[in-house]
Each structure stands twice: as structure tokens, then as C-alpha cells.
Amino acid sequence: MTNNLRFKTSKFIDETYRVSFKFNNKTYFGFKGDTLASALLANGIHLVGRSFKYHRPRGIMTSGSEEPNAIIQLHDNSSRTEPNVRATEVEIYEGLVASSQNCWPSVNFDIGGINNLLSPILPAGFYYKTFMWPASFWEKYEYFIRKSAGLGKSPKVADPDIYEHKYIHCDVLVIGAGISGIMAAKTAAKNGFKTLLVDEKSYLGGSSIYDNSEYSKVNNQITSSWLEKEINEISKLENLEIKTRTSVAAFHGYNFLLARENLTDHLPINQRENKVRQRLLKIRAKKVITATGSIERPLIFDNNDRPGILLSSAIKRYIDLYGVACGENNILFTNNDTAYETAMSLIQRGIKINAIIDNREQIDSKISYEVEKNNIKIYKGYTVIDTYGYRRINKISIMKLSKDGQKVIGDKTKLNCDCLGVSGGWTPAVHLFTQSGGKLKFREEDQVFIPNVYPSDQISIGSCNGDFGLEEIIKNTLSSIKKFLDIDNSEYKTVETISGLNQSKRNIWLLPSDKSIGKTKSFVDYQNDATAKDIKLALREGFRSIEHVKRYTTTGMGTDQGKLGNMHALGIISETAGTKMGEHGTTTFRPPYTPLTFGTIVGRNVGEFFDIFRRTPIHDWHVANNAKFENVGQWKRAWYYPKDNENMHQAVQRESKAARDSAGILDASTLGKIDIQGTDASEFLNRVYTNAWSKLAVGKCRYGLMLNEDGMVYDDGVTTRLSENHYIMTTTTGGAANVLGKLEDYLQTEWPELDVYLSSVTDHYATISVCGPNSKKIVSKVIPDLDFSDEKFTHMSFKNAKIDNIKCRVMRISFTGEHSYEINIQANFGKSVWEKCMEAGKDFNITPYGTETMHLLRAEKGFIIVGQDTDATLTPIDLQMDWIVSKKKYDFIGKRSLYRSDTIREDRKQLVGLLTENPEEVLEEGAQIVADIKKSPIEMLGHVTSSYYSPNLKKSIALGVVKGGKNMLGQKLIIPMENKNINVTVADPVFLDKEGERLNAKL
Amino acid sequence: MFLINCPFCGEREQSEFKAGGEAHIVRPKQPTELSDDEWAEYLFMRKNIKGIQFERWNHVHGCRKWFNMVRDTSNDQIKAVYKMGEKPPVK
């Protein structure tokens, strides 16, 4: 490549491996090892995006995960498309396609740029203030605001990649493989701790790995050479697992951490086939060592956001690591020594530095003298007051700072440049530490927050702990680790360091300007376009809490979560409000540290694995016979069985009629079944059900209603006494697990003295229910040995029987109001017994029916469905089921609540039947019920809970709850719908066969 | 996510457990003798302490046993676990 921005000096770039990629539809070249950002910079491209609110041109600002501006759309127009990806983190590969976001029609000419001209009328809170009146207009505003908001485009089709989750348990987790992380990992592993070292980058060593300066040495070796040997050594340690491209997203309590391991994103697309793309690591570590380093601070001055303005440390990384110069005519602007290291890196390669602007009057360090020796003009005690150039910086103007740093004085000087490196000192990356519940303290000398109180067995080391100089880092790291791991010797005897930097800094949160603040655009949060002016406005308008200022100005709310500007926001607030730093606290750093893809979060739980589902033993038969299914809890239940071209209504009408006219068959295997044994089983049932159980004879079944302690209906079902101390309880399908849990709770905590044992046997049995006038003929063909005479086998009783030598239980119970039998047999025989019933019922038009028909049939009989007709606010009295509440029993769960002042109110909602004036009109479930539609506001009396067209009664029937409904029999009410009002009459909830003749019909 | 030391199984992930509210609230032996107010006190009133709190937990995806826990709600430190029916440890 004939490119004067690329220098052949980096061992991290493979110059024999050229990689082509597309950015904004143009093809460029880079090398293996480049990030998208370094490759673009090598091609002279800085402008990569537009800002969120003002659509200002923005360039690459950093070289890492803290990047606020260079966020791009990856894989445009493909199922893998991904928005808001940081160009600084994307490793390029052959065929990469990326484009700018938040601009139209292009990044170079963006219509939204008009917002920049309008910015005087777009202050913080503009949207809140402007679009709130009149309130009714919000829906109209919203459409346009939503259209212009947002960054990238989300994919519209399913993600084709594979993701997975993995649990990791280790003794020591080291986060960050910079110089202190490497030393910590080596010490831990060599002392017998099972250690995991993770780093978000593709290489180890952090920023020290390209620290080739003569002014920074460890044991008389150049830092990078010394560190390389260390890395070489630890990569052979057995006790140590190293994961690169792995970013810790969250640090929770009890040393539980989530990390994303990136496995294929750096590979060409054709090499990713069938490989896991990203892995979510769920790490439980006994001890955690956080060595996440620090993030360089920008400086806050007018127009500090133009393309070509980068952090000085980023410029250093691009040249040292990638061999890429960010500009040909550079200026560095700093308040500390860091920028001089960048200067030396540029000087070594002969890249022009026009000037260095330093806030400090006095600079006294070896490295600064060395820079001066190279004839670089240093403006001491100066500040940048403005920058120029629309799509790329081309000039700056500078002025002298007053003694107190509050004003600028003297003459304005203009300097040319195509790249400006800024350095405002360093902010320890304490995000993970605070996520874990750690408390920070503020260090006045250099204005940083550092870890103070650790909530778990963890420690922070290196610059994330506020140790900035090389000597300090190494010395403190070694002593902290020894103490933390409780070992006598670290793996390091004496480590000698030499550093040419000193730590002096002149910290000014908001640099002064010759203009009034109202006329400046000094960006604090680049991604969200929050300026110093906005923060001051928020304070003027009365906001004080940092959390409120954050929400009002949106400072720190972008995808970068304010990694660069949060400290300045805090600084400006405390300066303006005249309070001390630290007094306002910091905003909460929330997980994830860097954004996670949804794919990583859900892992393999997609498609049919999104949620587990349960199938009955007869499921395959239903599938083969064209059943439509509905989800009930986790179960797939047959819903209805359409024949020919029937729709649901037609199928349900046919099924319902067949069940009453001849015979129907239902798969009831999903009902919860709890086996109850023990000498106190009867007493236990007495306490958990509302009715009495002591006198239930062996071989008999009884319907029971279970309440919560607050008196509200919780579950229902039929329980059968199999023998003296042995019952089988059935529960609703959805309630099974909760009922078992509730029963166990009472047994273990309130009544441990009872001799009762509970086991869930739901999955052990298949349950087949055959109902209708011909049910007996069918079931007796399947079980010929059993005496089905009505005298021997009465309603609500059970028999042990055998089908082909397989034991089964037959109950004569009914949920449809028809004469019916329920066969319970070992699950694996369920399908064959079902098929036997179908065969036996052939001559009787036996009709399989699903849940919808079951619901219709029971509604004809006015039987409730817990959860459909009830909603945890109805007592059995409200349901007109007084008959099931024992007056004699001293106590049962919920009894006392049934006569609380609230539960005995006459005007509670009560269950009633509803008949429409027009028998063909079927009500909508959930529809409101009122009496007087002229009254304003209309009083809602209740709502419809179940509604069907009954083919057996040839009319529409419904159940509903109505205030005081019990005493409203025959009264006319109204169901107001969108286009009409439907007249209904309150009726008895039992619509069919109130006397129960069908149930007891002699067959 | 907590690591909970189930008194029956030992240390397990929090995801295996279910929290069950305030501990040591005994169901009245004779509910029918209670006034509405007394019954409401048992039924509805619960403490929500910032600091040391006594709680019921259930190892629902494990041994299914209920037990008690002493937890500092201000920092989620678990101070003690003990079986149902046992006296709470004194500080």
C-alpha cells in the first residue's frame, strides 16, 4: 500500500495478509490485525458517523470499548446485521461490510445536520418541554420523533448464528490482562490457585505491550519486551486458563460474573459455519482480581467533537500497535504528561507535531524535556478555545489561561493541524467494582474516584485502583496480591522500574473560552450530544441530584454509558453548584459494561427451546389426527380437531354436540396429580379444602375447592380415596406445581406434626376421559372384566381394573355433566388405551374433543374454571358455591377470611349466568358489564369471564362476574361494545340439566 | 446472584431457590377466635427492613425443603441459615 499514514513497524499487523472490506459502499484495504477503526484511519478516513441529536460529523475518538462516536452498522442488509457496533472493537476480515448510522442520505451530506443549525432552540429537555402540549397531540408528535430517533437498524429476520452459555468455576478470576493483570494471574496460578484470566482485546498485555519507550523500563528492559516474556511464561501454566476477546459484562454479588466470549466475529464469514459465535460465560469465582485499567479523559472546550480529534492515548495506540498515523500534522493538547509519550511515539517515526498545548505552567519531567529537545513548540499554560473544519479539523485557536484557570487572557493564536490529540488525565475503570456493590472514595489530589470498600472477596489493582505510574502499579500490585491471596512470596523478587513521567496534572473540568457559555458547544457526552451548557441549564432549572441531571440532559445514557464524559459532568455540576466533588456521588454504573447481543443473552434458548413444553403420552395421536394445540402452562394440549375444512367454531360445535348426543373422548393427562399418603392424610385434606373429607368412604371421589389464606379461590379438582390412608388429588393443569408447593409449605412449616407424604405423579399416568350417553358401552368394551352396572359403579366412585393385564384406575367423574368415565393408566400405555377406546367407540361416533369443547361443555353446566372465571379476588361465596364450604369444620386454609368485613359485603362481584337478548349473539370474553350507560362516568359492574355458542341449547351462553349479581336474577344489563350495546339478562349460571339427570342417567 | 447454603444440601446457586417472605410468622392456632384486625395483622402485615431480616426460603429445585435465612438486605450478605422450627441465632 502506498500510504503515508501506514508505518511498517508493528508486529501486531501482518502486512503480508491484505484484507479488503467495504465501508459506506466503497472498498478499502487493511491488514490482518487491524480493527475497522485503524484500517479506516490508515485510509485517511476520520468521519464515520453523525451525532445523535445535532447530526454533527463525528470521527473515531478512541481505540477501545469506550468509543462514543464511531458506532457503525455491521453486515448491512443481511440477517447478521448488527447496529451500534464500535468500529474500534471490530477486527477486520475479508469481506467485512459496514456503514455509518444516523445519517441520511449519507454521512458526508446528512439532512439531519439542520438540527445543528437549530441547536440554539434545541436545549436539554427540548422534547420534554415542547411536545407535551397539547397532551392529545402526543400521538402525532411521537410518530415523527420515533422516526428521527434511534441509532442503527435492528435486524428484521432471525439471527442465523449459534450462541451458548457456559458455567465456569474458578479460584481466582483476573479481569484485564494488562501489566498488573498478567502479574496477578501468574502469581495466583503459580501458587496453586485455579485461575482464569480474561481480556476484552484480541491480545494480552494491555497498553504496556506496545510501550516501547526508552523512558519506561522494567528490570532494565523495555517494558514491552519484559512483558512479552511474562506473557510467554504464563501461557504455559497449567493452572491458568486465558480467554481473550472476552469482555466481562456484569459483576454481581457473591462473585458471580457474566462475560461474553467472542469466538468468530474476527473470522471471514465462510469460516464461521457451524461454529458458536459468542458464548456467555457465567463465572463463579472464589476470588476476583479486577485489573480493568483506566480510560483517558478528554478535555471539555468549544467544538471539541470534530473528526480528527482523538484521545492522545488512542493516537499512541494506533501508531504503536497498528502502525497507523492519525494525521500528518498533529497537535497535542494536554493537562498531564501522558501526551508526551504519544509525542515520542510520533517523533520516533518522523510524524510531524505542530505544537503541544499544555494547561500547566510548569512541566518538569524527563519525557517533556526530551520532547522539547526535538524542537517541538510547547505552549505552557495555554488552552484550546475553539476548533475549525466541518468534516475534519483543520485549525485550532488557543489562548493563555489566567492564573486561576477560570478565564483566558492575552491574544488568540491560530494553529493548523489535521489531527488533535487530547489528554485530560485518567479515570480508573471502576465500573465492574461498583456493579458488585463496591463503594468509591474521591481522591482530591488528582480528582479521581477509586475503590474503597469491597463487598465480596475481591480486589482492584493497577490503574483501575488509581495507581498510574509504572513504578506505583508494579509495587502496589505485588503487595496487594500477596496480601489478597495470603501468600508469603509473590513470583517476583525485586522489580526495578524506570519511568520518565511524573503525575502532575492541572485539572480544569470545563476549560474557559473567550465566548459566553451560551455560545459554545463543549461536548461532555459525545454520543448523546450533551454539552456543558446543557448541564449548567439543568442546574439553573433546579436539578441537583446527579441522577436527575443525567436523565434531563441524557449525559451518560448512550451505548458507551458515559465512559468518557461522566467525570466531567460531575466536575461541572460541583463547580457550578459550589459543592465538593464526591458529595453528589456518581451515577450508577449498570451492567453490561459493553453492550451484549440478544443472541448471547438467550444462548440456545431459541425457537422450540425458548421455553420447555410438555407433551402428553397421547400427543402423537393428536398430531396424526390433525389436532390444533394450545399452550396451557407448559403443556401442549389438543385444542380442537378440525375435519375437512372446518374452522375452529365449526369443529367445536360438532365436537360439543357429539359429546352430548353419543360419546366424546378427551385427553386429560395434563391435570395435576398428587399422591397423598399417611395416617393423617384425611385430616390434612380437611385443612386444605373447604369441604369435609373425614367421612369420604374408601373408593369414593369428591370435588374440592382450595383457598388461599385470604379466602380467595386458588385451585379445584377431584380427589379420590384409594384406601384408608391413601388419596390421589387432581389439580388444574396450570396450578399443579403451585398446589404441590403450597401443600408442602403448610406441611413443613405449619403442621410438621402431621404424618403425610406428598408426591407429584402427574407424569406417571395418562388420563383418558370418555363421556356421553354411550360412554359406558365403550368403556365396558375396553375393560370387559369390570362391573359397570350403575348400582356397583356409582357416580363419584372409583374402581381398580386391568386392561390387558395392566393395572389401571377408573373413576366415574364428570366435568361435562354427562355420564362419564376417566381411565388412569401408566403413562406409556396411554396411547394404546386411547386407541382401544377409539376402536371400541367407532360404532358410536366417538368424537375426540379438545380443550375448547371441554370449556364449552362445562360452561353449559356452569362449572367454573379457576383462572378463567376466577382471578384471585373471588371467594367460594362470590362464586355461589356456598354448598362446598363446610360450616362444621373448625378451621381450613382461608376460612377465617370468609367473614372479614370485606368478604361479607353484599356488593362484591359475584358469578352469574348471562343470556343475550339475541340468542345468536355471542359476547366477547373480557367485555365490561354495565347497567346504566347514560351515567357519566359509566359504572362498571363487572365483566364477562366465559362465553360460547351452545349447540346443545341452540343459544349463546356466558358466565360473568357482576357486583351484587347474586340478587339480580332476571335483571337486564348492558354490554357496551365499540359499535353497539348488547342487551343481556342475568341468569342462573347452570344452563343445562340443573337436576343432573344426564349425569345419573341409567345407561 | 447469591450462593445459598441449604441446611440439607449445602451451597447451591440462588436460581435453585425461591424466597418465601418474612419468617417466624406463626399461623394462629384458633383463627376463628381472632378479630378482623388481629387476623389482618397475621394475613397482610409484613416487615420490610433495611438491614437484618429473617426470611423463609425454599430449595424448590433441590430438596424442596423450607428453611430460614438471616440476611442483611442493605448488602445482601447472608448471615445464617437454619432449619424450620429451630430458634433464630442471636447476634
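Residues numbered from 1 in each chain as written. Chains lettered and ligands numbered in written order. Predicted model: local features only at pLDDT ≥ 70, side-chain atom pairs only at ≥ 80, totals over all residues. Heavy atoms only, no water.

Undergrad: Quick question: what am I supposed to make of the sheet that holds strand E42 (residues 806-812) of chain A here?
TA: Within a sheet, each strand pairs with its neighbour through backbone hydrogen bonds, oriented either parallel or antiparallel. Residue and element names in this part refer to chain A. Taken together, the 6 strands give an open sheet; going across it, the order is E41-E42-E43-E40-E34-E44, and neighbouring strands pair in mixed fashion. With partners counted over all chains shown, the strands left at the sheet margins are strand E41 (797-803) and strand E44 (847-848), one partner each. Relative to strand E43 (residues 820-826), E42 is paired through 4 bridges, and the arrangement is antiparallel. Within the sheet, the bridge partner assigned to Val 810 lies in E43 and is Ile 823. Here helix H20 (residues 775-782) sits on the sheet in contact with strand E40 (765-771), E41 and E43, set at roughly 25° to E43. (Pairing = 2+ DSSP bridges. Helix = DSSP H or I, 4+ residues; strand = E, 2+ residues; numbered from the N terminus. Contact = heavy atoms within 4.5 Å. Axes fitted to C-alpha atoms, helices over the stretch in contact; angles between N-to-C directions.)

Undergrad: Would you explain the packing of aromatic side chains in this entry?
TA: Given two aromatic rings, their pairing is described by the distance between the two centres and the angle made by the two planes. Evaluation of the coordinates by the stated rule reveals 24 aromatic pairs over all chains. Judged by centre distance (5.4 Å) and plane angle (65°), the rings of A:Trp639 and A:Tyr640 are edge-to-face. The exposure class assigned to A:Trp639 is partly exposed, which follows from its relative accessible area of 26%. An aromatic cluster is present here, built from A:Tyr254, B:Phe2 and B:Trp57 joined pairwise through their rings. A:Arg272 extends its terminal NZ or CZ atom over the ring of A:Tyr93, reaching a point 4.7 Å from the ring centre. In this structure, A:Lys742 packs its charged tip against the face of A:Tyr714, placed 4.6 Å from the ring centre. (Phe/Tyr/Trp six-rings, centres within 6.5 Å; stacked < 30°, edge-to-face > 60°. Buried < 20%, exposed > 50% of the residue type's maximum accessible area, 1.4 Å probe, protein only. Lys NZ or Arg CZ within 6 Å of the ring centre and 35° of its normal.)

Undergrad: It is not clear to me how the interface of chain B and chain A should be interpreted in this structure. Could you clarify?
TA: Interfaces are often described in size by the accessible area the parts lose on coming together. At the interface, 27 residues of chain B touch 28 residues of chain A. For the pair chain B and chain A, the summed buried surface comes to about 2400 Å²; carbon and sulfur atoms form 44% of the total. Linking chain B with chain A are 6 salt bridges. The salt bridge partner of B:Arg27 is A:Asp891, with a shortest N-O separation of 2.8 Å. For the pair chain B and chain A, the interface holds 20 residue pairs in polar contact (both at pLDDT 80 or more). Elements supplying a minimum of two residues to the side of chain B that touches chain A: helix H1 (36-44) and strand E6 (77-83) of chain B. When residues of the side of chain B that touches chain A are assigned to their parent elements, the largest contribution, 5 residues, is made by H1(B). Residue composition of the side of chain B that touches chain A, grouped by class: 14 nonpolar, 4 polar and 9 charged. (Buried area = accessible area lost by both parts, 1.4 Å probe. Salt bridge = Lys/Arg side-chain N within 4 Å of Asp/Glu carboxyl O. Polar contact = N/O pair within 3.5 Å; in protein donor to acceptor, adjacent residues only side chain to side chain. Nonpolar A, V, L, I, M, F, W, Y, C, P; charged D, E, K, R; others polar.)

Undergrad: Explanation requested: the domain arrangement of chain A in the structure shown.
TA: Residues and elements named next belong to chain A. Each assigned domain of chain A is listed with its residue range as follows: domain 1 (1-154), domain 2 (166-294 + 428-499), domain 3 (306-424), domain 4 (515-584) and domain 5 (868-987). Using only C-alpha atoms to locate each centre, domain 2 and domain 3 end up separated by 31 Å. Tallying the contact residues gives 6 residues for domain 2 and 7 residues for domain 3. Where domain 2 abuts domain 3, roughly 840 Å² becomes buried across the two surfaces, and 56% of that area is made up of carbon and sulfur atoms. If you sort the residues of domain 2 by the area they bury against domain 3, Tyr 203, Tyr 210 and Tyr 215 come out on top, with a joint share of 65%. Viewed at the interface, domain 3 and domain 2 are joined by 0 salt bridges. (Domains from an automatic or database assignment.)

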